[in-house]
Amino acid sequence: MLRGPDGRHWQETVDHFDQEAKQRVAMLTAAVQDPDTGRWTADPHGERTTVTGIPDRAGYTEVSADPLREPCIAHLHRLVTKVTADFEQQTGAPHPHAADLAHALEDVAMRVEHLRRRPRHPPPRRGRC
């Protein structure tokens, strides 16, 4: 799952190397987030776009498709949602950093996912410790 430079979310649907252009081409489909589970999935009727080159160099950031899987992240998400909702209720305007907070939570969830993917027992080092 990728978050674009404009904050929209995309799922990479096709990825290939274009021999003629001599670069990678990624086809992306707009994604939607389930309001109950927080999971991101490709919208079957969503917009499609093409990114040439490596998406993360074009301003796209990898994010977790299931950002609320980890209980501590889900709890933090609920707290931030409550605080930003309270702010909006009191002021009548959305919190000025609501999108930044949501993106930061996604970034933390992705770090947790990267840690989960790492092998638990790395191979032993050779030589001095």
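This text gives an overview of the structure that appears in the document. Numbering of residues starts from 1 in each chain and follows the order in which that chain's sequence is written. Local features in a predicted model are, by the rule used here, given only for residues with pLDDT of at least 70; side-chain atom pairs are given and counted only at 80 or more, and totals for whole chains, interfaces and linings are based on all residues. Water and hydrogen atoms were dropped before computing side-chain values, which therefore reflect all heavy atoms in the structure.

**Regarding the side chain of Thr 84**
Position of Thr 84 relative to the elements: it lies in helix H1 (residues 71-91). Accessibility expressed as a relative area gives 15% for Thr 84, which makes it buried. In protein, a polar contact requires one atom able to donate a hydrogen and another able to accept it; more generally it is a pair of N or O atoms within 3.5 Å, and residues adjacent in sequence count only if both atoms are side-chain atoms. In terms of polar contacts, Thr 84 uses its side chain to reach the backbone carbonyl oxygen of Thr 81, at 3.1 Å. Once you skip the residues sitting within four places of it in the chain, Thr 84 turns out to touch His 95, Ala 98 and Leu 101. Only DSSP runs of H or I covering at least 4 residues are called helices, and only runs of E covering at least 2 are called strands; the numbering of each starts at the N terminus. Exposure categories follow from relative accessible area, calculated using a 1.4 Å probe and restricted to protein chains: below 20% of the type maximum is buried, above 50% is exposed, and the middle band is partly exposed. We call two residues in contact when some of their heavy atoms are within 4.5 Å.

**Some points on the side chain of Ser 64**
Looking at the element boundaries, Ser 64 is found in the loop between strand S6 (61-62) and H1. In terms of polar contacts, Ser 64 uses its side chain to reach the backbone amide nitrogen of Asp 66, at 3.1 Å.

**Overview of the nonpolar core**
When a protein is soluble and globular, its nonpolar side chains tend to lie buried together. Note on terminology: a nonpolar core comprises buried Ala, Val, Leu, Ile, Met, Phe, Trp, Tyr and Cys residues joined through side-chain atoms within 4.5 Å. Judged by nonpolar contacts, Leu 2, Trp 10, Ala 26, Leu 28, Ala 30, Val 51 and Tyr 60 together constitute the single largest core of 7 residues. Here this core gets 3 residues from one element, more than from any other, and that element is strand S3 (residues 23-33). Ala 30 has contacts with Arg 8, His 9, Trp 10, Thr 41, Ala 42, Asp 43, Gly 46 and Glu 47, leaving out every residue within four places of it along the chain.

**Let's talk about the environment of His 97**
Counting through the fold element by element, His 97 comes out in the loop between H1 and helix H2 (98-117). By relative accessible area, His 97 is classed as partly exposed at 44%. Residues His 97 and Thr 84, spaced 13 residues apart in sequence, show a C-alpha to C-alpha distance of 8.8 Å.

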